[in-house]
Amino acid sequence: MHSESRTLIFVYGTLKRGFCRSHHLAGQTFLEAACTIPGYTMYDCGEYPGLVVNPTDGVCIQGELWSVNGPGIAILDEVEGVAENWFSRQQIELQHPAIPETVQAYYFEGDVTRLPVYGDNWCKGF
């Protein structure tokens, strides 16, 4: 029996449950609330947040851990503008839950020099 390939995805903004893009995760599996290790900064891009790696001054980012199938990943890549280089899907390190599997997240690829730092928990755009 062939099992379906799934990817663990950490979401931290508009894809979280109850937010404006959460419907793109319909049919996927919510696992639990999660937070990263200190080492990331979330910027306010207006309608959505942008996450970047910041090992020097970064904080723990609050979000959710999801298990997403292949077709779901294709949808998320499209929504996040991966082909247009708006975001890139790469590995992220979680503090909670502590799991051995690789987890991925969408990182902002734009210029953040003029964007305000948002904090650790996106709550705009319900």
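Everything here concerns the structure above.
To keep things clear, this report deals only with the structure shown in the data block. (Residues numbered from 1 in each chain as written. Predicted model: local features only at pLDDT ≥ 70, side-chain atom pairs only at ≥ 80, totals over all residues. Heavy atoms only, no water.)

### Looking at the sheet that holds strand β4 (residues 49-53)
Then comes step 1: Spatial strand order, β4-β3-β9: 3 strands in an open sheet with antiparallel pairing. Looking at the sheet topology across the chains shown, the edges are occupied by β4 and β9 (117-119). The sheet shows a mean angle of 45° between the axes of neighbouring strands, taken without regard to direction.
Then comes step 2: Bridge count for strand β3 (residues 40-44) against β4 is 5 bridges, and the pairing is antiparallel. Note that in β4 the partner of Y40 across the bridge is V53. (Pairing = 2+ DSSP bridges. Helix = DSSP H or I, 4+ residues; strand = E, 2+ residues; numbered from the N terminus. Axes fitted to C-alpha atoms, helices over the stretch in contact; angles between N-to-C directions.)

### Comments concerning the sheet that holds strand β8 (residues 103-108)
Then comes step 1: In spatial order, the strands read β6-β8-β1-β5-β2-β7; together these 6 strands make up an open sheet with mixed pairing. Two strands bound the open sheet, and with one partner strand each, they are β6 (87-92) and β7 (94-96). Going across the sheet, the axis of each strand differs from the next one's by a mean of 45°, ignoring polarity.
Then comes step 2: Sheet topology places strand β2 (residues 29-36) next to β7; 2 bridges connect them, and they run antiparallel. Directly across from T36, in β7, lies its bridge partner L94.
Then comes step 3: Strands in contact with helix α1 (residues 70-79) are β1 (6-11), β5 (62-69), β6 and β8; relative to β5, the strand with the most contacts, it is inclined by about 130°. (Contact = heavy atoms within 4.5 Å.)

### Concerning unusual backbone geometry
Then comes step 1: The residue after H96, namely P97, is reached through a cis peptide bond having omega -5°.
Then comes step 2: Among the structural elements, P97 can be located in the loop between β7 and β8.
Then comes step 3: The backbone phi angle of N85 is positive, close to 65°, even though this residue is not glycine.
Then comes step 4: Relative to the helices and strands, N85 resides in the loop between α1 and β6.
Then comes step 5: On the basis of relative accessibility, which here comes to 57%, the residue N85 falls in the exposed class. (Buried < 20%, exposed > 50% of the residue type's maximum accessible area, 1.4 Å probe, protein only.)

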